[in-house]
Amino acid sequence: MKSKKSNILIINGHPDPESLCSALSAAYMEGAMQHPVQIQRLDLGKMQFEPNLKFGYRRRTELESDLIEAQELIRRADHLVFVYPTWWGAMPAILKGFIDRIFLPGFAYKYRDNSSMWDKLLTGKSAHLIVTADTPSWYNRLVYKRAGYGVMKRNILQFCGITPVRVTEFSPINKSSAEQRTKWLDKAKRLGSKLA
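What comes next concerns the included structure. Residue numbers restart at each chain and count upward from 1, following the sequence in its written direction. Per-residue local features are limited, in this predicted model, to residues with pLDDT of at least 70; the limit for side-chain atom pairs, both in listing and counting, is 80 or more; totals at the level of whole chains, interfaces and linings are taken over all residues. Only hydrogens and water are set aside when side-chain values are computed; all heavy atoms of the structure are taken into account.

1. Side note on the overall build of the protein
Under the DSSP-based scheme used, a helix requires at least four consecutive residues in state H or I and a strand at least two consecutive residues in state E, with every element numbered from the N terminus. Per the secondary structure count, the protein includes six helices and seven strands. Mapped from its N terminus to its C terminus, the protein presents α and β elements in the order β-α-β-α-β-α-β-β-β-α-α-β-α. For a compact globule of 196 residues, the expected C-alpha radius of gyration is about 16 Å, and the protein comes in at 17 Å, within 12% of that figure. For the protein, the spread of C-alpha atoms along the three principal axes comes to 55 × 45 × 30 Å. Note on exposure labels: buried denotes an accessible area under 20% of the residue type's maximum, exposed denotes more than 50%, and partly exposed covers the range between, all computed with a 1.4 Å probe on protein chains only. Taken across its 196 residues, the protein has 46% of its residues classed as buried. By the convention used here, residues are in contact when the closest approach between their heavy atoms is within 4.5 Å. Restricting to contacts in the protein with at least 6 residues of sequence separation, those with at least 24 account for 77%. All accessible areas in this document rest on Shrake-Rupley with a 1.4 Å probe, and a residue is counted as covered only by the protein chains that are shown. Accessible surface for the protein amounts to roughly 10,800 Å². Of this, 51% is attributable to carbon and sulfur atoms. Charged-residue counts in this description rest on Lys and Arg as positive and Asp and Glu as negative, His and the chain ends being excluded. Each charge is placed at NZ for Lys, CZ for Arg, CG for Asp and CD for Glu. The protein carries 30 positive and 18 negative side-chain charges, and their two centres are separated by 8 Å. Radius of gyration here is computed from C-alpha atoms only, and the compact-globule reference equals 2.2 Å multiplied by the residue count raised to the power 0.38.

2. Considering a positive patch on the surface
Here a patch means residues that are over 30% exposed by relative accessible area and free of salt bridges, tied together within 9 Å if like-charged and within 5 Å if nonpolar (Val, Leu, Ile, Met, Phe, Trp, Tyr). We count a salt bridge whenever a side-chain nitrogen from Lys or Arg sits within 4 Å of a carboxyl oxygen from Asp or Glu. A cluster of like positive charges, contributed by R166, K187, R190 and K194, occupies part of the molecular surface. Within the fold, K187 resides in helix α6 (residues 178–193). Here K187 falls in the partly exposed class, since its relative accessible area comes to 34%.

3. Re the nonpolar core
By convention a nonpolar core is built from buried Ala, Val, Leu, Ile, Met, Phe, Trp, Tyr and Cys residues, the set being connected through side-chain atoms within 4.5 Å. Core analysis: the biggest nonpolar cluster contains 38 residues, and F98, F103, M152 and L157 have the highest contact counts within it. If you list the elements that add at least two residues to this core, you get β1 (7–12), α2 (65–76), β3 (79–85), α3 (93–102), β6 (126–132) and α5 (147–157). Top contributing element to this core by residue count: α3, with five residues. For F103, the contacting residues outside a window of four places in its chain are Y57, I74, A108, Y109, L122, I156, L157, C160 and I162.

If you want it as structure tokens, here you go:
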């Protein structure tokens, strides 16, 4: 029987290849490799694309080859793993730009004629957000209501039909010890081994 998560795509949304997010992406991938699954990884900081959707939807902006490949990987994936830091309460600009450029009408969703409803074109996929933050988890939950995670989960992924969407948060990063980071990397590897 085919696993519901037989094709995994890890998207590292941190622009720095030496970041904790990059290490978490690698740890998750290492854990997932214990299963007979297809695993691909995109590091947005290494890709060549214009993150600004200059004309909105008024005028088409042609996709660069890296974005065309990314769309194909997303199309084939059963499970998407987004690994990124929280900056100013939300995702980094490079990840937002990536989403703006490729989660387009006709690929991720399609509005219906003469209706306020839409078709979700990425159904059948699940996702996991592995997010780092300097803000302590309790403060993010009680004061900010985890608003940035809600945007990614509800307004973007679930809007396009991707569900369920799980969230794992590692924080606070700014004063974490080497021992704490090792524990986080071990946890990311365990999440990969469970294909979580």
